[in-house]
Amino acid sequence: MRRMFVFLFIEGLLMFLLVSCEKLYFILLWAIVFGLQLALSKNKEEIKLILVAALVFSLSISIRTAKIDAQAADYRDYSESEIFCTVISFPKINNEEIVVDLKNINDKTTLRCYLDREVIEKIPGFGDKILVSGNVKKPPEKRNPGGFDYRLYLKAYNIDYLIYAEAASVLEEQSNFAIKSISDLRERIIRVLDSNLEENERDFAKGILFGEKNLSDEYEDMFVKAGISHILAVSGLHVGIIYSFFYTVFTCLKVSVKVQFAVLSIFLIFYSCMCGLSVSVVRASLMVLINMYSRITKYHYDPINAIFLVGCINLCINPYKATMVSFLLSYGAVFSISVFYPLIAGKFKIKNFIIKNVFLGLILTITIQIFTYPILACNFNGISPLSIILNILAVPLAGVLLIALIIGVFLAALAPFSADMVFGCLSMIIDLIFILTKYFYDLPFSYIRVFSLEPLIILMYYMFLFYVFGYFQFENKYKNLMPILFAAMFMCVLIGNHFNDKSLKVTFFDVGQGDSVLIEMPGNIDVLIDGGGNLNKNVGEDVVLKALLHKGISDLDLVILTHTHFDHSKGIQELIGNHKIKRLVLNNLEDEKDFSFLEEATKMKIDLIKSEEGDIFRFGKQISLEVIYPLIGDEYVDSNNSSLVTRLVYDQISFIFTGDIEEYGERKIIERNNEIQSTILKVAHHGSDSSTSEAFLDSIDPKMAVISVGENNRYAHPADKTLELMSNKGIKYYRTDLNGAVMIETDGKKIWTEITCEE
Amino acid sequence: MIEKILFIENGYCPTCKRVLFFTEDHMCQKCLESLEAIRLNRCLKCGREILNPGIRACRDCISMEYKFNRGFSAYGYDHKIKDIIYLMKFGNRPGLCRFAGKMTYRKLEKENRLGFIEDKDLIIPVPLSKAGLNERGYNQSELLALGLTSQWNVSEAANIVHSNNLIKIKETAHQRDLNRRERLKNVVGAFKITDPEKIRGQNILLVDDVMTTGSTLNECSNVLMGAGAKNVDILVFASVDD
Ligand SMILES: [Zn+2]
Ligand SMILES: [Zn+2]
């Protein structure tokens, strides 16, 4: 019975994982946790209660999960018709775009709608009924190792599809008085901010007040990397500040606790609604209310129980919320504050008020930072060590700002003449936060890229953390239990790595239109062929570097750049300086001047190798990577036909990577009559019809092929001709535009293929 | 019901501030064990610890004639125990008071002194005044006594604790603000017996949470002896070292 909600939460979470991942071992884990809970119960009545509560809760979570899954999976084609919807979120307004969530009135499916400002006359408000038509899509899944799963993310918001509206009109406005007044007030506050503050300041103020992330990319990046973006998501911090503000005011006015509770609960419900009921604001508000309730009733408030009760409520609302980073960070932060902070803070007795508070603040942020490290590492692959100091400076400022904003907005509404002065002060505080953040952002080591952690390592990390802080330190016969457990887990990791290390893994990333292939060899040797590249996006950083960090690859032994076209080279350019590269291989036909990043590469002490037919890179006894094109003595004709073509051999399995060569190059390779037969072919030039001639395909004679190509690219790659040719020859092929990243693993004899998504 | 599950009294260990996850105890295992250091040199009369190893009775016991016979004190009044006593008195922690009773019982068991409480006819907790009880909601000494007897056989334990016979009729100033002499004077006439019949000829155990100068315990013993008790022994959870 004790810690009932801890057990319920874990059981619910395991049930959710069982249903959503369809992995049966979660039921086993569930049974273990459930058994433990029963074992800890004291009498029959408790057992009865636990049986009912655990089963009902777990069952309802699994049903809820299955329902959300089914709704998201059941795609209907709306593209032709107009959809009649209710608006179920506050509109998020960027410069030229409005984003709102909609609920289809007929079939109850939900859509996130992207509206051009020009498409709609009146900005739709919460609860309005609107008619939209446009391109309806399923949200994209995860497409690369370590990539972001937008579909999963939207499931946490109960959103099934995306719609890019071509036409939209508001038919009917919200008539419910309560909702109308909240949404009107919100609009009015935003208008006050808009008219009184400058662009970046106003976006920041909106973030602080409503948790609306609307900052320009540059500022967003600055706040994320400086490690204080949490002050922009309405969090426990905000609710805490509001609570202390109310508390101080109430205490001065000598208001009774019951009245305090009533006023604060109304305010917090109101405020949570205005913030769009985000995970963290709901969590924090409920916890504050539970705390106040315990003060009225003279019960003992217990933060651990409160966290997990609120967590259970959150799971009931939508189990997918548990997959959100904001959920993990918000709950992780309060959990670490409740479990570790009092323990550490209790050890120090400092008299001086200021020193004491600064010191406690430091301990607080360090505690949170240590506890949330695995979450940050796995989701962002980066941490901000200096944020520990920045937090102590910026968090109190943000607190002052929040209170000042609330007062300022009211003042501006009541006494418009005072608005100038109030907002003058406000913009000064905001600028101060900007300056501070910028300063820390510019310091060296303000942002460090880190690797993702494997689940077993994460488990060890947390067990060790608890152990170090004096939990599970048994004095009696179990004294050695924990050290033995650590040793056993460590062995598991080592053995797992050892067996994993026998295989060769080739990953064809989905970099959109472009090429990028990662080869992971036994002995932690990693080779990258091309890095993709997009003029509008940083695929080198967002896809390739992210995947490297996700896989824990610290340096690349060899990077092969087939040719200089940007869809192969820009990604490499982004990698240089951000990731350690030992050797960089270029073709010897293209002009030095075409490699725009040579200077940077030399500065980073990367060995540059100009290569042609006959060069062989050997990795261990069994693996070799041979350059088979350009041929010795070839003349430059064009960039594509200068591509380095390489053949990777591991025992009986071979891969051929063809870059962007066209028929011209293929013919020369065939004429040269080297051994080029390969098990797996990377189809040349994204499957264009100018490449992959029948003769070339015949001489390679692959079992399988991979086409690296972007969705809806303007070159109409891959060509139907190429696809037909491969189908006719019975070659199984994968496409990165349809399958996401394609992973091929081999032990030198057999091959296993895995794709990231299926469409 | 949800309140019972949500709000628990013993979420944290009161001394080290670690979260108590699954134990029903009010202290973590580590802290409990750290309190178990055996105390060797105790005052033969009142049971408090004497720091000077050559002496067998504490200064108070030598200088003033206590009205009780013998005493047992489970713990010294050090930092950890101080935290617990504070919470027992001012932290709205009835469960902790009972737990302190259990700790005292375990201590007696460990030192093979169970005979000290087993031959008693009555257990009487040092009372609070009516106002004090209203403010606190419980009498920590009474709960301590109940916690102590909860480790016994049920039928015996049920009626042995008498908390309504000895009552406090006068509001006294806080003992901690006074010096030795003032303390003695402060409690004179503060206690009264309502039913002397039940006291007459009985072997009584007087229970309190903490003993500093022993003046409260002495005054209670005085009243009890005056009502005709055969013998009064005292038992305290913690006492200040001599
Ligand atoms: Zn402890
Ligand atoms: Zn003595």
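What you see is a predicted model, and the numbers here were worked out from it, not measured in a lab.

### Quick notes on the coordination of the zinc ion (ligand 1)
Residue and element names in this part refer to chain B. Every protein donor of the zinc ion (ligand 1) is accounted for by Cys13 (SG), Cys16 (SG), Cys28 (SG) and Cys31 (SG), and the metal-donor separations fall at 2.2 to 2.3 Å. Read N to C, the donor residues that coordinate the zinc ion (ligand 1) are spaced as C-x2-C-x11-C-x2-C. Of this pair, Cys16 sits in the loop between helix 1 (2-6) and helix 2 (29-34) while Cys28 sits in the loop between helix 1 and helix 2; the two residues are 12 residues apart in sequence, bridging distant segments of the chain. Residue classification places Cys16 among the buried residues on the basis of a relative accessible area of 15%.

### With respect to the pattern of salt bridges
As enumerated under the stated definition, the model contains 35 salt bridges over all chains in all. Between A:Arg3 and A:Asp302 there is a salt bridge whose closest N-O contact spans 2.6 Å. Pair noted here: A:Arg3 is in the segment before helix 1 (4-21) and A:Asp302 is in the loop between helix 10 (279-297) and helix 11 (303-317), with a separation of 299 residues, a long-range link. By the burial criterion, A:Arg3 is buried, and A:Asp302 matches it. Salt-bridge contacts for B:Arg93 lead to B:Glu9; the nearest nitrogen and oxygen are separated by 3.1 Å. Here B:Glu9 lies in the loop between helix 1 and helix 2 and B:Arg93 lies in the loop between helix 4 (79-90) and helix 5 (94-110), a separation of 84 residues in the sequence. For the pair shown, B:Arg93 and B:Glu9 are each scored as buried.

### Things to note about the coordination of the zinc ion (ligand 2)
Residues and elements named next belong to chain B. Around the zinc ion (ligand 2), the protein contributes the donor atoms Cys43 (SG), Cys46 (SG), Cys58 (SG) and Cys61 (SG), which lie 2.1 to 2.4 Å from the metal centre. Each of the four donor atoms bound to the zinc ion (ligand 2) contributes to angles spanning 101 to 126°, and the resulting shape is tetrahedral. Sequence spacing of the donor residues for the zinc ion (ligand 2), all on one chain, is C-x2-C-x11-C-x2-C. Taken together, the residues Cys46 in the loop between helix 2 and helix 3 (59-63) and Cys61 in helix 3 connect sequence positions 15 residues apart. Across the pair, exposure class does not vary: Cys46 and Cys61 are buried alike.

### Points about the packing of aromatic side chains
All names here are of chain A. Applying the stated rule across the entire model yields 49 aromatic pairs over all chains. Seen in terms of ring centroids, Phe340 and Phe469 are 4.8 Å apart; in terms of plane orientation they differ by 45°. Their pairing is tilted. One end of the pair, Phe340, is in the loop between helix 12 (325-339) and helix 13 (341-345); the other, Phe469, is in the loop between helix 17 (455-468) and helix 18 (481-500), and 129 residues separate them in sequence. Given the relative accessible area of 1%, Phe340 is considered buried. Given the relative accessible area of 22%, Phe469 is considered partly exposed. Look at Tyr467 and Phe486: their rings are 5.7 Å apart centre to centre, the planes differ by 70°, and that puts the pair in the edge-to-face class. Taken as a pair, Tyr467 in helix 17 and Phe486 in helix 18 lie far apart in primary sequence, 19 residues in all. When the ring centre of Tyr734 is taken as origin, the NZ or CZ atom of Lys732, which lies over that ring, is 4.9 Å away.

### Some thoughts on the interface of chain A and chain B
Contacts between the two partners involve 33 residues from chain A and, on the opposite side, 25 residues from chain B. Across the interface of chain A and chain B, roughly 2700 Å² is buried in total on both sides, 64% from carbon and sulfur atoms. Three residues stand out in chain A for area buried against chain B, namely A:Arg2, A:His300 and A:Tyr471, and they jointly supply 27% of the buried area on that side. For the pair chain A and chain B, the number of links is one salt bridge. In this structure, A:Lys42 and B:Glu24 form a salt bridge, with 3.8 Å as the shortest nitrogen-oxygen distance. Taken together, chain A and chain B are joined by 16 residue pairs in polar contact (both at pLDDT 80 or more). The set of elements that each furnish at least two residues to the side of chain A that touches chain B consists of helix 1, helix 10, helix 11, helix 12 and helix 13 of chain A.

### Observations concerning the side chain of A:Glu666
Residue and element names in this part refer to chain A. Relative to the elements of secondary structure, Glu666 occurs in helix 22 (residues 663-672). The charged side chain of Glu666 is buried without a salt bridge, its nearest counter-charge being Lys721 at 8.2 Å. The residues touching Glu666, leaving out its near neighbours within four places in the chain, are Ile661, Ala684, Ser691, Thr692, Ser693 and Phe696.

### Structural notes on the domain arrangement of chain B
All names here are of chain B. Partitioning chain B into domains gives domain 1 (1-34) and domain 2 (42-239). Across the boundary between the two partners, domain 1 contributes nine residues, which contact 12 residues of domain 2. For the pairing of domain 1 and domain 2, the buried interface totals around 940 Å² over both sides, and the portion due to carbon and sulfur atoms is 62%. Sorting the residues of domain 1 by area buried against domain 2 places Glu9, Pro14 and His26 first, and these three jointly supply 51% of that buried surface.

### A closer look at helix 11 of chain A
The end-to-end C-alpha separation of helix 11 of chain A is 21 Å, in line with the 21 Å expected for 15 residues at 1.5 Å each. In terms of burial, helix 11 of chain A is a largely internal element, 12 of the 15 residues being buried. Within helix 11 of chain A, burial applies to A:Pro303, A:Ile304, A:Asn305, A:Ala306, A:Ile307, A:Phe308, A:Leu309, A:Val310, A:Gly311, A:Cys312, A:Asn314 and A:Leu315. In the core, the buried residues of helix 11 of chain A are packed alongside helix 1, helix 3 (44-73), helix 10 and helix 12 of chain A together with helix 1 of chain B.

### Some remarks on the sheet that holds strand 14 (residues 607-611) of chain A
All names here are of chain A. If you trace the eight strands from one edge of the open sheet to the other, you get 14-13-12-11-10-9-22-23, paired in mixed fashion. Looking at which strands have only one partner, the edges of the open sheet turn out to be strand 14 and strand 23 (751-755). Between one strand and the next, the sheet's axes are offset by a mean angle of 20°, whatever the strand orientation. With respect to the sheet, helix 19 (residues 539-551) is in contact with strand 9 (504-508), strand 10 (517-521), strand 11 (525-529) and strand 12 (555-560), its orientation differing from that of strand 10 by roughly 20°.

### With respect to the sheet that holds strand 2 (residues 122-125) of chain B
Sheet strands pair via backbone hydrogen bonds, and the direction of the pair is either parallel or antiparallel. All names here are of chain B. Taken together, the four strands give an open sheet; going across it, the order is 1-6-5-2, and neighbouring strands pair in parallel fashion. Two strands bound the open sheet, and with one partner strand each, they are strand 1 (71-76) and strand 2. Within the sheet, the average angular offset between the axes of one strand and its neighbour, ignoring direction, is 20°. Relative to the sheet, helix 4 contacts strand 1, strand 5 (203-211) and strand 6 (231-239), its axis offset from that of strand 6 by approximately 110°.

### Some words on the nonpolar core
A general tendency of soluble globular proteins is for nonpolar side chains to be buried together. In terms of nonpolar packing, the biggest core is built from 59 residues, with A:Leu193, A:Phe204, A:Leu209, A:Phe223 and A:Leu401 touching the most fellow members. Those elements that place two or more of their residues in this core are helix 5 (177-196), helix 6 (199-210), helix 7 (217-226), helix 8 (236-253), helix 9 (257-274), helix 10, helix 15 (387-414) and helix 16 (419-442) of chain A. When neighbours within four sequence positions are excluded, A:Phe223 is seen to be in contact with A:Phe204, A:Leu215, A:Ile228, A:Ser229, A:Leu232, A:Ile433, A:Phe434 and A:Thr437. Counting 52 residues, the second-largest nonpolar core is a separate cluster that includes A:Leu18, A:Ala54, A:Phe371 and B:Phe21.

Each value, and the rule that gives it
Residues numbered from 1 in each chain as written. Chains lettered and ligands numbered in written order. Predicted model: local features only at pLDDT ≥ 70, side-chain atom pairs only at ≥ 80, totals over all residues. Heavy atoms only, no water. Donors = N, O, S within 2.8 Å, 3.2 Å for Na, K, Ca; no water. Helix = DSSP H or I, 4+ residues; strand = E, 2+ residues; numbered from the N terminus. Buried < 20%, exposed > 50% of the residue type's maximum accessible area, 1.4 Å probe, protein only. Salt bridge = Lys/Arg side-chain N within 4 Å of Asp/Glu carboxyl O. Tetrahedral: all angles 85-135°; square planar, octahedral: opposite > 155°, others 65-115°. Phe/Tyr/Trp six-rings, centres within 6.5 Å; stacked < 30°, edge-to-face > 60°. Lys NZ or Arg CZ within 6 Å of the ring centre and 35° of its normal. Contact = heavy atoms within 4.5 Å. Buried area = accessible area lost by both parts, 1.4 Å probe. Polar contact = N/O pair within 3.5 Å; in protein donor to acceptor, adjacent residues only side chain to side chain. Lys, Arg positive; Asp, Glu negative; His and termini not counted. Domains from an automatic or database assignment. Expected span 1.5 Å × (residues − 1). Pairing = 2+ DSSP bridges. Axes fitted to C-alpha atoms, helices over the stretch in contact; angles between N-to-C directions. Core = buried A, V, L, I, M, F, W, Y, C linked by side-chain atoms within 4.5 Å.

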